[in-house]
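Descriptive structure summary
This is what each chain is made of:
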Amino acid sequence: MRGLESLAGGRGAGVSHDTIVPMSRRGFLKLTGMAGGGLALGLAGGTDLAQAEGGAKSNPPSPPQAFVIIAPDNTVTIAVNRLEFGQGVHTALPMVLADELDVDWKNVRSILAPAGDAYRDPGFGIQMTGGSTALMHSFTQYRELGARARAMLVTAAARQWNVDPASCSAMQGVVTSGSHRATYGELANAAMALPVPQDVVLKDPSQFRLIGKPMPRLDAASKLRGDPVFGIDTRLDGMVVAVVAHPPRFGGKVKSFNADKTRAIKGVIEVMQVPVDRGGSGVAVVATGYWPAKQGRDALQIEWEDAGSKVSTQALYEEYSTLAMQPGLVALPFENGAMQQALSGAARVIDAEYRLPYLAHAPMEPLNCTMQAEISGNRATSVKVWVGSQFQTVDQEAIARTLSLPVEKVTLNTMMAGGGFGRRAVPTSDYLVESAGVFRAWVAKGRTEPLKVMWSREDDIKGGYYRPLHVHRARIGLDAKGQVVGWQHAIVGQSIVMGTPFEAVLVKNGVDATMTEGIVENEYALPMQVTAHHPKVDVAVLWWRSVGNTHTGFVKETLIDEMATAAKQDPVAWRMARLDAKRHARHRAALQLATKQAGYGKRKLPKGQAWGVAVHESFGTVVAYVVEVSVVKGEARVHRVTAGVHCNRVVNPLTAEAQVQGACIFGLSMIRPGFAIEMENGVVRNSNFPDYPPPRMPDAPRIDVFFVPSEDAPAGLGEPGVPPIAPAVANALFRLTGKRQRQLPFVL
């Protein structure tokens, strides 16, 4: 996502006002079913990729969808242009708009926007949730929406009362002028008839009533009651459920199958051979519900062609290890080109190889997609889709292609999702293309019932997309005083974006920037060279929460700790001495805040515990962790984590704290014994949580989160808490065991 962020003005820069496309009166939609005759304000816009890369400016999408609906009863409904899957955007973006609108928070509701041009990310040009960009890119967008709506309500009131608009004030959903008073709901119809102001004055931050205040999530109470409908909860009249038997190897195909036993199971309706991802084929079982469909799949007798991937994890590690010692593509050049000379003259050389496994996303809600169509003959003429999509634009277009429909004939409804971590943002739209293929085969059989395709967690872990396996090799030369004279670093791993629409932006000089991010920034200003290799492997790979930083952050921050030890310096002092006071003031502030709040170096830890420290920037946010760790029964036990976070302005401290805590736990999964996808002869050996074990409640440490105060526009927050936790724990373990951790998960 990082290369795309630069198109929007750089990480942490927010989105400039000129990316917001002003609208004329035509930009309004009167949503009679939802607004009840109220005000519906929409926004067209966003800079698409062609425009951002210097191409011709595209016309604003038309008609725009509604973002804010003010009903006569003063209820304000705000559409969220992202996917809500636990990160709190369902509350944070409405807070931003409602603050500028100046409405009473108790009257605010929020909905997830369907796929639509109006909801495209202002920086990326597609509707999506990823790269920790929701607030970073839409903070200004939603502020301007609120400010425009408020200006129109004030103008409507001034005209109704025949007074100067400057004499009117709008506060908490009410406009007043002298003795005049009207609620937003009473003014909504008149305001809707007015043109949209192109220029609006945004509030001074000192006037914020909601932004920066800890606000309960709008969806918290309903989730406690079990009310929200997630994708997997979608129920339609007459709906049937399909599960697919996938090939045991990636790209495998059905040679033949016998479904006699399957068809004998009560509830099974149809059995069909269907295409699946990566050019393979599988068998779909359609039934009256998930359980009979699964039972039917279990009863299938399938003979698979001896085709597909033959990848084995251990063989890849050996291959990658050899590649890491060979010249690669230069991602960060060494200025004088004399790295070998610097290393050969070093008093001591740290020679380290790191091995980092494939990782599955394993969201709590397995993948699913529900489709319903208008049908003519044996083909769909239009289709409605219910899915928790991170890539609404990409997925809508992929479904349209698969069903041979115009995009406008595909209505994609964004459902809440139970986690994603990147898995619901797939450039190939794999599980949605598969679902559309099953639905197409279903319709071709003359069937008209709505159909839901469901994956089990085993399906996804054994046949999904993975964070790539990597090998890092570092050679670091030190002089007699332990100072670094040269750092040669090679990274070997598959490219996530080559062969996707993101390649043009994220691959430069043959190097995938998502693999080297987090280390090429070289914030410690060391004499460093980074090279990369991108081997072609028959395993589908994808971003995993915090993308390349998941491995580069671990390798970098454990090596930094090793350099500090070699120099006989405290690891915090070593970092502070090398982080530039101007260019890396945010790193310094986060690290100082974490160490102060933890009592690092001042508070004595219990016997058998040790401190560990790491600091890392990703997606515009710096996170520093200070951890307190012991070893219990041969495993790392994290007792407390203190986080210092610099993410610029914090919109909602409650959800921001939860984001960091959740990311910390997520990052701790990487150190857990067994948390690695193991492949043998093209078959994934893991299947579910018992053999791919995330942290459990007893494994969760106390996590205290502190934010550095800032008035700058928000940076990303969904992912930056992941990278620094594993190295912080590894650094503590070194102090306890004297052993450096060179792989994930840890081996003590």
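Residues numbered from 1 in each chain as written. Predicted model: local features only at pLDDT ≥ 70, side-chain atom pairs only at ≥ 80, totals over all residues. Heavy atoms only, no water.

**Considerations on the overall build of the protein chain**
Scanning the protein chain from terminus to terminus reveals 21 helices and 31 strands. For 748 residues, the compact-globule estimate of 2.2 N^0.38 gives 27 Å, and the C-alpha radius of gyration of the protein chain, at 27 Å, lies within 12% of that figure. Over its C-alpha atoms, taken along the principal directions, the protein chain stretches across nearly 85 × 75 × 50 Å. Relative to its 748 residues, the protein chain shows a buried fraction of 61%. Counting every atom, the protein chain has about 28,400 Å² of accessible surface; 51% of that belongs to carbon and sulfur. Positive and negative charge centroids in the protein chain, built from 78 and 68 side chains respectively, lie 4 Å apart. (Helix = DSSP H or I, 4+ residues; strand = E, 2+ residues; numbered from the N terminus. Rg over C-alpha atoms; globule rule 2.2 N^0.38 Å. Buried < 20%, exposed > 50% of the residue type's maximum accessible area, 1.4 Å probe, protein only. Areas by Shrake-Rupley, 256 points an atom, 1.4 Å probe, with all protein chains shown as cover. Lys, Arg positive; Asp, Glu negative; His and termini not counted. Charge placed at Lys NZ, Arg CZ, Asp CG, Glu CD.)

**A look at the UniProt feature "domain: Aldehyde oxidase/xanthine dehydrogenase a/b hammerhead" (unreviewed entry) in the protein chain**
According to UniProt, the feature "domain: Aldehyde oxidase/xanthine dehydrogenase a/b hammerhead" (unreviewed entry) maps to residues 225–308 in the numbering used here. Its end C-alpha atoms 45 Å apart, residues 225–308 is made of 18% helix and 36% strand. (UniProt positions renumbered as here; feature names shortened; annotations may be inferred.)

**Here we look at the side chain of Gln488**
Summarising the element assignment, Gln488 is placed in strand β22 (residues 484–493). Accessibility expressed as a relative area gives 19% for Gln488, which makes it buried.

**Thoughts on the packing of helix α12 (residues 392–402) against helix α13 (residues 430–444)**
Running from amino to carboxyl end, α12 crosses α13 at an angle of 30°, the nearest separation of the two axes being 9 Å. Here α13 runs roughly parallel to α12, going by the angle between their axes. In the packing of α12 onto α13, the handedness of the crossing is right-handed. Each of Asp395, Ala398, Ile399 and Thr402 in α12 lies in contact with α13, whose residues at this interface are Leu432, Val433, Ala436, Gly437 and Arg440. A breakdown of the residues in the contact of α12 with α13 according to their chemical character gives five nonpolar, two polar and two charged. (Axes fitted to C-alpha atoms, helices over the stretch in contact; angles between N-to-C directions. Parallel < 35°, antiparallel > 145°, perpendicular 65-115°, else oblique. Left-handed = near helix turned anticlockwise from the far one by under 90°. Contact = heavy atoms within 4.5 Å. Nonpolar A, V, L, I, M, F, W, Y, C, P; charged D, E, K, R; others polar.)

**Here we look at the sheet that holds strand β9 (residues 180–183)**
Strand order across the open sheet formed by three strands is β7-β8-β9, with antiparallel pairing between neighbours. Looking along the sheet, the strands with just one partner apiece sit at the ends: β7 (169–171) and β9. Within this sheet the neighbouring strands show an average axis-to-axis angle of 20°, counted without direction. Note: β7 against strand β8 (residues 174–177), three bridges, orientation antiparallel. Bridge pairing in β8 links Ser169 to Thr176. Against the sheet, helix α6 (residues 184–192) contacts β7, β8 and β9, and its axis sits at roughly 85° relative to β9. (Pairing = 2+ DSSP bridges.)

**Details of α13**
With 15 residues, α13 ought to run about 21 Å at 1.5 Å a step, and its terminal C-alpha atoms sit 21 Å apart, in line with that. The complete set of buried residues in α13 reads Asp430, Tyr431, Leu432, Glu434, Ser435, Ala436, Gly437, Val438, Phe439, Ala441, Trp442 and Val443. Once α13 finishes, Gly446 follows within two positions and takes phi at roughly 90°, a positive value. (Expected span 1.5 Å × (residues − 1).)

**Things to note about the pattern of salt bridges**
Under the definition given, this model contains 40 salt bridges. In this structure, Asp277 engages Arg278 in a salt bridge whose closest nitrogen and oxygen atoms are separated by 3.2 Å. Members of the salt-bridge network, linked through shared partners, are Arg603, Glu628, Arg640, Arg702 and Asp704. (Salt bridge = Lys/Arg side-chain N within 4 Å of Asp/Glu carboxyl O.)

**Regarding the confidence of the model for the protein chain**
Counting all residues, the mean pLDDT for the protein chain is 90, and 91% of those residues have values of 70 or more. This model gives residues 1–37 a pLDDT under 50, and the stretch forms 102 contacts once residues within four places in sequence are excluded. (pLDDT = per-residue confidence, 0-100.)

**As for the environment of Asp704**
Its place among the elements puts Asp704 in strand β31 (residues 702–707). Expressed as a C-alpha distance, the spacing of Asp704 and Leu145, which sit 559 residues apart in the sequence, is 35 Å. At 2.8 Å, the side chain of Asp704 forms a polar contact with the side chain of Arg702. (Polar contact = N/O pair within 3.5 Å; in protein donor to acceptor, adjacent residues only side chain to side chain.)

**Digging into the nonpolar core**
Note that soluble globular proteins tend to have their nonpolar side chains buried in a common cluster. Ranked by size, the top nonpolar core spans 101 residues in total, and within it Tyr358, Trp487, Tyr625 and Val729 carry the most contacts. Val68, Ala149, Leu153 and Leu187 belong to the second-largest nonpolar core, a separate cluster that totals 51 residues. (Core = buried A, V, L, I, M, F, W, Y, C linked by side-chain atoms within 4.5 Å.)

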